[in-house]
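A look at the structure
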Amino acid sequence: MTLLVTGGAGFIGANFVHYWRARHPEDAIIVLDALTYAGNRASLAGVDVDFVQGDIRQTALVEQLLRNRGVETLVHFAAESHVDRSIHGPAAFVDTNVLGTLSLLTAARSVWLAGDGTPHRFHHVSTDEVYGSLGPTDPAFSETTAYAPNSPYSASKAASDHLVRAWHHTYGLQVTTSNCSNNYGPYQFPEKLIPLFLINALHGRPLPIYGDGMQIRDWLHVEDHCRGIEAVLQRGRVGETYCIGGGAELLNIAVIDTLCAAVDAAFAADPALAARFPGAPAARGTPTASLKTTVTDRPGHDRRYAIDEAKARAELGYAPARDFATGFAATLAWYLANEGWWRAVLDGSYRDWVETNYAARG
Ligand code: NAD
Ligand code: TYD
């Protein structure tokens, strides 16, 4: 099989490429990635892939890759993915997430549906944020929950989901879509909650908690997400959507307290960490929790996300393998062992963004 993975140099895309390469060594993998601020060629170091730097909005390039390389499976991760950025600059989200997906669908239709048609699969990776926000006692999101996106990011993802659905119903494109919860794990760009707070803790920088910190997310280890996508590709029904969750609904403040305690324990267990990260409170025996700082809430901040994954369990045999404690411990260990990866990221656009963001929030 030959796969085209869009956004394969980003967080989840890179993890998916590592995952697929390890389990399907006979398959060819082509990565198409524009290497925006969120894309890192280093996240694919040492993995046997054919890397193409390009934009998903270049329809002719996508057509050429699909046709000339005999691609029959496209897994679409490429996106602008951060809610805070979408609040500051929504247009880029429409450009990449909506027009970019349209471009891929156009290319897939023209190559795969020409003549007698080629066996194919277009898998679209989306988010639970398209369903909006839950109250404390509402049932979890499922595939039948009505769309109610609240941020420019989730609105752009919702629009892309609708396009994918329409290309199936109108043109017969063989599509599947997965809507997953908050991922965490290796190679995540340090603008999202967990890697941002980990790296800030190591530098002694504030941990900016939006509002009261009582928002709830369902945390999904990225490797479980990759297994879920593999299950959809292998056993999912064409035209269907599948919700993929981590079964770990947690208050933000609980995640942050777990993180602070884990950093303290890591420094207590390994004296070399104090020399490597002298700015960390934990290096002086001060609790990392002393860095917790309440800042102005995110506008339109969704209160609670939760996923009912009964359909994926029943049809695909999917179940998350890692609980949050195990997954988080592995993630902390990865960030401590891969300082070179995130230092390189810190030298780029991230630092300017964090500083501007802090300045804006006071
Ligand atoms: P990310 O921001 O880490 O990576 C996005 C990747 O897409 C980067 O490598 C970037 O260079 C690339 N890209 C951006 N615009 C592009 C363009 N126009 N052409 C080609 N490449 C482009 O994102 P992520 O967290 O890995 O998310 C991957 C997908 O999963 C996204 O579609 C996102 O909406 C979805 N998702 C993410 C989460 C999460 O918790 N991170 C949760 C649910 C769904
Ligand atoms: P994030 O990782 O941005 O994912 P999403 O917005 O897609 O859920 O944020 C996770 C939660 O953490 C969300 O409720 C916002 C909150 N948060 C903070 O409190 N402070 C921060 O600096 C960040 C980045 C997020």
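Residues numbered from 1 in each chain as written. Chains lettered and ligands numbered in written order. Predicted model: local features only at pLDDT ≥ 70, side-chain atom pairs only at ≥ 80, totals over all residues. Heavy atoms only, no water.

Residue alternation in strand β8 (residues 207–210) divides its side chains into two sets, Leu207 and Ile209 and Pro208 and Tyr210, and both sets are buried. With 4 bridges connecting them, β8 and strand β12 (residues 292–295) associate as parallel partners. Looking at β12, one finds that tyrosine 210 is bridged to valine 295. (Buried < 20%, exposed > 50% of the residue type's maximum accessible area, 1.4 Å probe, protein only. Helix = DSSP H or I, 4+ residues; strand = E, 2+ residues; numbered from the N terminus. Pairing = 2+ DSSP bridges.)

What follows deals with the site of ligand 1. Close to ligand 1 lie 29 residues, the nearest being Ile12, Asp33, Ser81, Tyr153 and Lys157. For ligand 1, an oxygen atom lies 2.7 Å from a polar atom in the backbone of isoleucine 12. Residue aspartate 55 places a side-chain N or O atom 3.0 Å away from a nitrogen atom belonging to ligand 1. When isolated, ligand 1 has an accessible area of 840 Å², and the protein chains bury 97% of it. Elements with a minimum of two residues in the shell around ligand 1: α1 (11–23), β5 (121–127), α5 (152–171) and β7 (182–184). Broken down by element, the residue count for the shell around ligand 1 peaks at 3 residues, all from β5. Each residue belonging to the shell around ligand 1 can be placed in one class, and the counts come to 13 nonpolar, 12 polar and 4 charged. (Near = heavy atom within 4 Å. Polar contact = N/O pair within 3.5 Å; in protein donor to acceptor, adjacent residues only side chain to side chain. Areas by Shrake-Rupley, 256 points an atom, 1.4 Å probe, with all protein chains shown as cover. Nonpolar A, V, L, I, M, F, W, Y, C, P; charged D, E, K, R; others polar.)

A few words on the confidence of the model for the protein chain. On average, the protein chain scores 95 in pLDDT, and the residues at 70 or more come to 96%. In the model, residues 358–362 has pLDDT below 50 throughout and makes 10 contacts with residues more than four positions away in sequence or in other chains. (pLDDT = per-residue confidence, 0-100. Contact = heavy atoms within 4.5 Å.)

Below, the discussion takes up the pairing of strand β9 (residues 216–221). Of all 6 residues making up β9, 6 are buried, and the element is well covered by its neighbours. As judged from the 3 bridges shared by β7 and β9, these two strands associate in the parallel manner. Pairing of tyrosine 184 across the sheet is with histidine 221, part of β9. As judged from the 3 bridges shared by β9 and strand β11 (residues 249–251), these two strands associate in the antiparallel manner. Across the sheet, the residue bridging to isoleucine 216 is leucine 251, located in β11.

The next thing to look at is the pattern of salt bridges. Tallying each qualifying case throughout the model produces 17 salt bridges. Between aspartate 50 and arginine 69 there is a salt bridge, and its shortest N-O distance comes to 2.4 Å. Of the two residues, aspartate 50 sits in strand β3 (residues 50–53) while arginine 69 sits in the loop between α2 (59–68) and β4 (73–76), which places them 19 residues apart along the sequence. Taking the relative accessible area as the measure of exposure, aspartate 50 reaches 33% and is therefore partly exposed. (Salt bridge = Lys/Arg side-chain N within 4 Å of Asp/Glu carboxyl O.)

Looking now at the site of ligand 2. Looking at ligand 2, there are 18 residues lining it, with Glu129, Pro208, Arg217, Arg298 and His301 nearest. Within the backbone of tyrosine 210, an N or O atom sits 3.0 Å from an oxygen atom of ligand 2. The contact in question runs from an oxygen atom of ligand 2 to an N or O atom on the side chain of histidine 301, over 2.7 Å. In isolation ligand 2 exposes 510 Å². Once the protein is present, 96% of that is buried.

This brings us to the sheet that holds β11. Sheet architecture is open: 3 strands sit in the order β7-β9-β11, paired in mixed fashion. Edge positions in the open sheet fall to β7 and β11, since each of these has one partner strand only. Averaged over all pairs of adjacent strands, the angle between strand axes in this sheet comes to 50°, irrespective of strand direction. Contacting β9 and β11, helix α8 (residues 252–269) runs over the sheet at an angle of about 80° to β11. (Axes fitted to C-alpha atoms, helices over the stretch in contact; angles between N-to-C directions.)

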